[in-house]
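# Fold and contact review
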Amino acid sequence: MSNSMWGGRFAGAPASIMEEINASIDVDRKLYRQDIAASRAHADMLGRQGIIGADDAEKLKAGLDEVLREIEAGTFNFSRDREDIHLNVESRLTEIVGEAGKRLHTGRSRNDQVATDFRLWVRDAIDRIDGEIAALQLALAERAVETAGMVMPGFTHLQTAQPVTFGHHLLAYVEMLSRDRGRFADGRKRLNESPLGSAALAGTPFPIDRHSTATALGFDRPMANSLDGVSDRDFAVEALSAASICAIHLSRLGEELVFWTSAQFGFVRLSDAFTTGSSIMPQKRNPDAAELIRAKAGRVIGSLTSLLIVLKGLPLAYQKDLQDDKAPTFEAMETLSLSLSAMTGMIRDLTPDPDRMRAAASLAFSTATDLADWLVRVLGLPFREAHHVTGRIVARAEARGVTLDRLPLADMQAEEKRITADVFSVLSVDRSVESRQSFGGTAPANVLREARAWLERLGAPSTARPK
């Protein structure tokens, strides 16, 4: 039999394979709240504008409320024969309210309907993600307060570079996540225009009030061009772009947790809550949550790529290709949400080992830059010359198998005779981090101040104390 929604044009039924490829209800059923909200706003507007009778408008709104209750109670029968969430809702609505249900689609099309629903879903997802990123920032900032003075090695090229503090390291991710929130917020501003009323592509001859439906749905304004209204998916691309960058940040932190929890590093320990064992090696404690966060970044990035490829060759206006915009977007945002929750749990769960960190920070002549800076500051050497002198002193320490603060003064004076015993005041890892008081530097006082400022910004004054 032909589809009841457009049966007048088609005498025969679609092939079974056509039904299979055409149906999207298994994916877009996630839009049910947004679809009902948009339909309710549309019905209310149709009644106020006199396009349908006031009684019909009230029946439609009451019927839509009933459909929502059924879906949320789990009693709604989603049918693949009705293709998508829009036809499923409209069909059930018509069963509930009768003839009035057939009037709901006046002045709109599934093209602007799905564009509106999808925008509403992405907007809701952005708001949820923003809260989850903030929760991770809060966890990181709280741990930064606790570990503001906990010395660890800072790395470049994954080689020990200079001492930093663990709190400083954690705050770097707070900054990254702040930019992630900013990207989502910027995208949300551009997203917040309503396609509803664009109809199929050209607008509608009915005297609809697009501004009122936009306001009812929390949009700032209606979209100004009906062709753009039904075909634009920039908002989803922007959301997935922001999600991909955020997922990369989580993956980088996940990678560091994998390193830090290894026996070779031993900087932190995760509890049983965020580790797993081995089926054959009884001693193993694997940081699987961190590893899975690394992997899931690939899925988020893949979703962005998928959507970009769907869009890259589409002429205006709506094309059926756009049916495949939702699956990658849903998956990416839900995957990112899961990753954020898991990372927040791990940050709250981890136990740092300050002794292991400090010991590692003292290796590989990590205070060599402090020595070079002392030569510049106290002896007045040009930095490039100080760099060379320091390099020769490091070679002497390496040959003796000692750290710089254990190298005899005579060895240093053999390279630069003006060096005095005062140089040892800058060669410990503690003095090194304490000296980095420039804005954004790793000095514990800086870190503590910045961590507490973040907590205040996040609306959670710290009860944590430095360790």
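Parameters at a glance
Residues numbered from 1 in each chain as written. Predicted model: local features only at pLDDT ≥ 70, side-chain atom pairs only at ≥ 80, totals over all residues. Heavy atoms only, no water. Phe/Tyr/Trp six-rings, centres within 6.5 Å; stacked < 30°, edge-to-face > 60°. Helix = DSSP H or I, 4+ residues; strand = E, 2+ residues; numbered from the N terminus. Buried < 20%, exposed > 50% of the residue type's maximum accessible area, 1.4 Å probe, protein only. Patch = residues over 30% accessible without salt bridge, like charges linked within 9 Å, V, L, I, M, F, W, Y side chains within 5 Å. Areas by Shrake-Rupley, 256 points an atom, 1.4 Å probe, with all protein chains shown as cover. Salt bridge = Lys/Arg side-chain N within 4 Å of Asp/Glu carboxyl O. Contact = heavy atoms within 4.5 Å. Axes fitted to C-alpha atoms, helices over the stretch in contact; angles between N-to-C directions. Parallel < 35°, antiparallel > 145°, perpendicular 65-115°, else oblique. Left-handed = near helix turned anticlockwise from the far one by under 90°. Nonpolar A, V, L, I, M, F, W, Y, C, P; charged D, E, K, R; others polar. Core = buried A, V, L, I, M, F, W, Y, C linked by side-chain atoms within 4.5 Å. Pairing = 2+ DSSP bridges.

With that settled, consider the packing of aromatic side chains. Enumeration according to the criterion identifies 8 aromatic pairs in this entry. Centre to centre, the rings of Trp-121 and Phe-330 are 4.5 Å apart; their planes meet at 55°, and the pair counts as tilted. Here Trp-121, found in helix α6 (residues 110-146), pairs with Phe-330, found in helix α12 (residues 326-349); they are 209 residues apart in sequence, far enough to count as distant. The two residues Trp-121 and Phe-330 agree in class, both being buried. Seen in terms of ring centroids, Phe-166 and Trp-260 are 5.3 Å apart; in terms of plane orientation they differ by 65°. Their pairing is edge-to-face. With Phe-166 in helix α7 (residues 166-191) and Trp-260 in helix α10 (residues 234-261), this pair connects stretches of sequence that are 94 residues apart. The same class applies to Phe-166 as to Trp-260, namely buried. Ring pairing ties together the aromatic residues Phe-118, Trp-121, Phe-235 and Phe-330, which thus form one cluster.

With that out of the way, let us pick up a nonpolar patch on the surface. Together, Leu-201, Leu-227 and Leu-316 make up an exposed nonpolar region whose accessible area comes to about 270 Å². Tracing the sequence through the fold places Leu-227 in helix α9 (residues 226-231).

On to the side chain of Thr-329, then. Relative to the elements of secondary structure, Thr-329 occurs in helix α12. When its relative accessible area of 0% is taken as the criterion, Thr-329 is described as buried. For Thr-329, the contacting residues outside a window of four places in its chain are Phe-118, Trp-121, Val-122, Ala-236, Leu-240 and Leu-307.

So, on to the packing of α10 against helix α11 (residues 288-311). Any two packed helices are characterised by how steeply their axes cross, that is the angle between the axes, and by the distance between the axes. Following both chains from N to C, one finds α10 and α11 inclined at 160°, their axes separated by 8 Å at the closest point. With respect to α11, the axis of α10 lies roughly antiparallel. Read as a crossing pair, α10 and α11 show a hand that is left-handed. For the contact of α10 with α11, the per-class residue count stands at 18 nonpolar, 5 polar and 3 charged.

Ranked by internal contacts, the top residues of the largest apolar core, which has 95 residues, are Leu-140, Phe-166, Phe-184, Met-333, Leu-336 and Met-343. The contact partners of Phe-166, leaving out residues within four places of it in the chain, are Thr-147, Met-150, Met-152, Trp-260, Val-268, Leu-350, Pro-352 and Met-357.

Here we take up the pairing of strand β2 (residues 159-165). In terms of strand pairing, strand β1 (residues 151-156) meets β2 through 6 bridges, oriented antiparallel. Opposite Pro-153, over in β2, you have Pro-163 as the bridge partner. Linking two consecutive strands that pair antiparallel, namely β1 and β2, is a turn of 2 residues; a positive phi of about 60° is found at His-157 within it.

The bulk of non-glycine residues show a negative phi, and the bulk of peptide bonds are trans. For the peptide bond that leads from Leu-316 to Ala-317, omega is 5°, which places it in the cis range. As for its position among the elements, Ala-317 is in the loop between α11 and α12. The backbone of Glu-83 shows a phi angle near 70°, a positive value even though the residue is not glycine. Examined against the element boundaries, Glu-83 turns out to sit in the loop between α4 (54-73) and α5 (85-97). In this structure Glu-83 comes out as buried when scored by relative accessible area, which is 7%. Of note in the backbone geometry, Leu-158 takes a positive phi value of approximately 60° without being a glycine. Its place among the elements puts Leu-158 in the loop between β1 and β2.

These results come straight from atomic positions and should not be treated as a statement about function.
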